[in-house]
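Chain by chain, the residues run as shown.
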Amino acid sequence: MNELELISYNESCCSIDTKRRSHHSPEVKKNFTSRLNHIEGQIRGIKGLIDNDIYCDDIITQIASIQSALNSVSMILLKGHLNNCISERVQEGDQKVIDELLNTIKRLMK
């Protein structure tokens, strides 16, 4: 299964009339937890590289790897958010959600 196809919601997630929450399937939660645990390990590894005076370029390469991994998690979340939450709220007539989405994308692009 493609990583961008992993998003699966159990129920309505972002309705105007309900408390906003994500409803990820157990499979998706497990995938996110696995990815984030890996990223956390990479960050701990960078601390070790710094403590051991490893060459700066090698540390920067590891940081780039972490940024890529975080971008991947963000992309999976964004795709699910667009396909479910944003789509649902637009269908309910909530046009303010478009501005919210643009702000989200702006934060991701920084």
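Residues numbered from 1 in each chain as written. Predicted model: local features only at pLDDT ≥ 70, side-chain atom pairs only at ≥ 80, totals over all residues. Heavy atoms only, no water.

**Some details on the confidence of the model for the protein**
- For the protein, per-residue confidence averages 86 on the pLDDT scale, and 83% of positions sit at 70 or higher.
- Mean pLDDT across the secondary structure elements of the protein bottoms out at helix H3 (residues 96-109), with 93, and peaks at helix H1 (residues 26-51), with 96.
- In this model, residues 8-12 is a region of pLDDT below 50 whose contacts with residues beyond four sequence positions or in other chains number 16 contacts. (pLDDT = per-residue confidence, 0-100. Helix = DSSP H or I, 4+ residues; strand = E, 2+ residues; numbered from the N terminus. Contact = heavy atoms within 4.5 Å.)

**Considerations on the pattern of salt bridges**
- Per the stated rule, a full pass over the model turns up three salt bridges.
- Put simply, Glu40 and Arg44 hold a salt bridge, and the shortest N to O gap is 3.7 Å. You can see Glu40 and its partner Arg44 sitting in helix H1, four residues apart, about one turn around the helix.
- You can call Glu40 partly exposed: its relative accessible area is 43%.
- Residue classification places Arg44 among the partly exposed residues on the basis of a relative accessible area of 49%.
- Two residues, Arg89 and Asp94, come together in a salt bridge whose shortest N-O distance is 2.8 Å.
- With relative accessibility at 7%, the residue Arg89 sits in the buried group. (Salt bridge = Lys/Arg side-chain N within 4 Å of Asp/Glu carboxyl O. Buried < 20%, exposed > 50% of the residue type's maximum accessible area, 1.4 Å probe, protein only.)

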